[in-house]
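Each chain, letter by letter, is given below.
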Amino acid sequence: MTVEISVIAPTLNERENVPRLIELLDAALAGRRWEVIFVDDNSTDGTQDQVMACAADDPRVRLIERVGRRGLSSACIEGFLSSSAEHVAVIDADLQHDERVLPQMLDAFAKDPSLDIVVGSRFVEGGGLGDWGKLRIAASNFAKSLSYLVVPQKVTDPMSGFFMVRRTSFRNVVPNLSGRGFKILLDILCTAGKDFKMKELPYEFKTRQWGESKLNSTVMVEYVALLADKSFGKILPLRFIMFIMMGLVGAGVNVAILAVLYGGGMLGFMTSHIIGALAAMAVNFFLNNTFTYSDKKLTGLRLMSGMMLFYVLCSFGLFFNVLVAERVVDAAGSWVLAGFLGAVVGAVWNYATNTTLNWRA
Ligand SMILES: Nc1nc2c(ncn2[C@@H]2O[C@H](COP(=O)(O)OP(=O)(O)O)[C@@H](O)[C@H]2O)c(=O)[nH]1
Ligand SMILES: [Mg+2]
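What you see is a predicted model, and the numbers here were worked out from it, not measured in a lab.

Turning our attention to the site of ligand 1. Around ligand 1 sit 20 residues, and of these Glu14, Asp41, Asp94, Ser213 and Lys214 come closest. Within the backbone of Ala93, one N or O atom sits 3.0 Å away from an oxygen atom of ligand 1. Within the backbone of Lys214, a nitrogen or oxygen atom sits 2.5 Å from an oxygen atom of ligand 1. In the complex, the protein chains occlude 93% of the 580 Å² of accessible area that ligand 1 would expose alone. Listed by contribution, the elements that provide at least two residues to the shell around ligand 1 are strand S1 (5-11) and helix H3 (72-81). When the residues that make up the shell around ligand 1 are grouped by side-chain class, the tally is eight nonpolar, four polar and eight charged.

Listed below in C-alpha cells is the structure:
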C-alpha cells in the first residue's frame, strides 16, 4: 500500500526527542498511512543509533544519514527526494511544532486538488510564538520583513519550518532551489513563484524540552545569503559574490595595516605592504571558511593545509592580476581599466581554483 504522507524530520543531536516524536506522530496520524524520515547530519549524541533502534521495531521509521555535510535546507531536500508519498511534510524533530496540524494539512489537500503547499503559521488567528522573548520576536519580525523583498506569495509566516507540500509540486521546483541555509520554505516559495497555490493553518510554537537550539551567528548570514541568492543568484553565483565581499574586507585590512605600519612611520612601504597583504589573506581565508564555504568548512589539519593552499593559489591570482593589468595599460593606456580588469581576472582565478581545489568536499 502506498504511503499517504512522508514526514521529514531533520536532526542534529536530538536523541531523546526521536522516540517521543514517533509517539506523537503515531497518535496524530492514526488511521493514515504515514512514514517518518529522519535526516541526520552525523550527530555526535547518537541520534542515528536511536533512529535505527526505533526503525528496527517500526517499518514506518526511516533514516538518512549524511556524513561530512551540514544544513537544514539541504537535509530536508534529500528527505523529500527519498519519498514516494503523495504528500511530504517537514517538522522539527525537537517537538516545537504541532504534529496535530498534520491531518488538517492532509485534509486541506483533499479538499482542494489545486493546492501546492500548506504552511503552518504562527501568525494567523489561533497561532502563536509560545514563550519567545521581546528581542527574539523583534529579530524575527525584522528578518520576516526582509523576506517580503523576495517572496512572491502573501504568506504570514515565510520563516516557518513546518509545512506540507504536494510531492509533484515540490519535484517541479527542486532543480532551482538554492538549498542553502535554514529556510527551506522561503527557498521553495521564491523558486516556485506566485502561481504556487498556498494555504496557511495556525499552530503554536512550543518550548524545547530536550537538547538545544542550533541557532547561531551563521544563521543570520546564511539567511541574508539566501535572500541574495533568490534576488540575483541567477546572474552571479552567490558564492562568488560572498567571495568578493570577503575579498573587500581583506583589502580593508591590508590598507589599515599599511596605514598603521607605514603611515605611522614604523616600517618602510614595501615591508608594511607585504605584512598587510599576508595578514589580509589570512583574514580572507578565515572569513571564506566561515561564511562563503560554511557548508564545507575546513577543520583541524585540513584547515592548516587549506590556508597554505589558499596563499599559493591567491599568489598566482595576484600574478595574473598584475600580468593582465600590465598588458591592458600598455595596449589601452587606461590605468583604471587596467586595474579593474586585472582585479577581475585575479578574483575569478582565486574563486575558481579555491572552489575546485580547496573547499572541494
Ligand atoms: N539534518 C540537520 N538538521 C538540523 C541542522 N540544524 C538544525 N537541524 C534540526 O532542525 C530542527 C530545528 O533546529 P533548531 O536548532 O531547533 O532551530 P530553532 O527551533 O530555530 O531553534 C531540529 O530538529 C534540529 O535538530 C542541520 O544542519 N542538519
Ligand atoms: Mg527548535
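As a further point, take the pairing of S1. Counting buried positions along S1 gives seven out of seven residues, so the element sits mostly inside the fold. Here S1 shows no split at all, with Ile5, Val7, Ala9 and Thr11 on one side and Ser6, Ile8 and Pro10 on the other all buried. When S1 meets strand S2 (residues 34-40), the two strands line up parallel, connected through seven bridges. Following the sheet pairing, Val7 is matched in S2 by Val36. Relative to strand S4 (residues 87-90), S1 runs parallel, the two being bridged by four bridges. The partner of Ser6 across the bridge, within S4, is Val88.

Turning next to the coordination of the magnesium ion (ligand 2). Those protein atoms acting as donors to the magnesium ion (ligand 2) are Asp94 (OD) and Gln96 (OE1), and they sit at 1.9 Å. For Asp94, a relative accessible area of 5% gives the class buried.

Counted according to the given criterion, the structure contains 21 salt bridges. One salt bridge in this structure joins Asp58 and Arg60, with 3.0 Å as the shortest N-O distance. Judged by its relative accessible area of 14%, Asp58 is buried.

Sheet strands line up and pair through hydrogen bonds in the backbone, either parallel or antiparallel. In spatial order, the strands read S3-S2-S1-S4-S6-S5-S7; together these seven strands make up an open sheet with mixed pairing. Lying at the two open borders of the sheet, with one neighbouring strand each, are strand S3 (61-65) and strand S7 (198-202). Strand-to-strand twist across the sheet, computed as the mean angle between neighbouring axes with direction ignored, equals 20 degrees. Pairing geometry for S4 and strand S6 (residues 163-166), over four bridges, is antiparallel. Each residue of the ladder has a partner; that of Ala89, found in S6, is Met164. Helix H2 (residues 47-57) contacts S1, S2 and S3 of the sheet and is inclined by roughly 150 degrees relative to S3. Across the sheet, H3 is in contact with S1, S2, S3, S4 and S6; its angle to S1 comes to roughly 150 degrees.

With that settled, consider the environment of Thr44. Among the secondary structure elements, Thr44 is positioned in the loop between S2 and H2. Thr44 sits in the exposed class, given a relative accessible area of 73%. Measuring from C-alpha to C-alpha, the distance between Thr44 and Ala256 comes to 41 Å, with 212 residues separating the pair along the chain.

Contact pair helix H10 (residues 269-292) / helix H11 (residues 300-332): the axes reach a minimum separation of 10 Å and the direction vectors enclose 125 degrees. Relative to H11, the element H10 is oriented oblique. Judged by the sense of rotation from one axis to the other, the crossing of H10 with H11 is right-handed. Contacts between H10 and H11 pair Leu278, Met281, Ala282, Asn284, Phe285, Phe286, Asn288 and Asn289 from the former with Leu303, Gly306, Met307, Phe310, Tyr311, Cys314 and Ser315 from the latter.

Glancing now at a nonpolar patch on the surface. A grouping of Tyr262, Phe269, Met270, Ile274 and Leu278 is seen on the molecular surface, where their side chains present a nonpolar patch of about 510 Å² in accessible area. Examining the composition of the nonpolar patch, we find that four residues originate from one element, H10, more than from any other. Looking at the secondary structure, you find Phe269 in helix H10. Its relative accessible area of 41% is what places Phe269 among the partly exposed residues.

Attention now moves to the domain arrangement of the chain. For the chain, the domain assignment lists domain 1 (5-232) and domain 2 (238-358). Each partner contributes to the interface: domain 1 provides eight residues, whereas domain 2 provides six residues. With both chains or domains summed, domain 1 and domain 2 bury close to 690 Å², and 66% of this area falls on carbon and sulfur atoms. Looking only at domain 1, the three residues that lose the most surface to domain 2 are Arg180, Thr218 and Val221, adding up to 50% of its buried area. At the junction of domain 1 with domain 2, the criterion picks out zero salt bridges. Across the contact surface, domain 1 and domain 2 share one residue pair in polar contact (both at pLDDT 80 or more). A per-class count over the side of domain 1 that touches domain 2 returns five nonpolar, no polar and three charged.

About the thresholds
Residues numbered from 1 in each chain as written. Chains lettered and ligands numbered in written order. Predicted model: local features only at pLDDT ≥ 70, side-chain atom pairs only at ≥ 80, totals over all residues. Heavy atoms only, no water. Near = heavy atom within 4 Å. Polar contact = N/O pair within 3.5 Å; in protein donor to acceptor, adjacent residues only side chain to side chain. Areas by Shrake-Rupley, 256 points an atom, 1.4 Å probe, with all protein chains shown as cover. Helix = DSSP H or I, 4+ residues; strand = E, 2+ residues; numbered from the N terminus. Nonpolar A, V, L, I, M, F, W, Y, C, P; charged D, E, K, R; others polar. Buried < 20%, exposed > 50% of the residue type's maximum accessible area, 1.4 Å probe, protein only. Pairing = 2+ DSSP bridges. Donors = N, O, S within 2.8 Å, 3.2 Å for Na, K, Ca; no water. Salt bridge = Lys/Arg side-chain N within 4 Å of Asp/Glu carboxyl O. Axes fitted to C-alpha atoms, helices over the stretch in contact; angles between N-to-C directions. Contact = heavy atoms within 4.5 Å. Parallel < 35°, antiparallel > 145°, perpendicular 65-115°, else oblique. Left-handed = near helix turned anticlockwise from the far one by under 90°. Patch = residues over 30% accessible without salt bridge, like charges linked within 9 Å, V, L, I, M, F, W, Y side chains within 5 Å. Domains from an automatic or database assignment. Buried area = accessible area lost by both parts, 1.4 Å probe.

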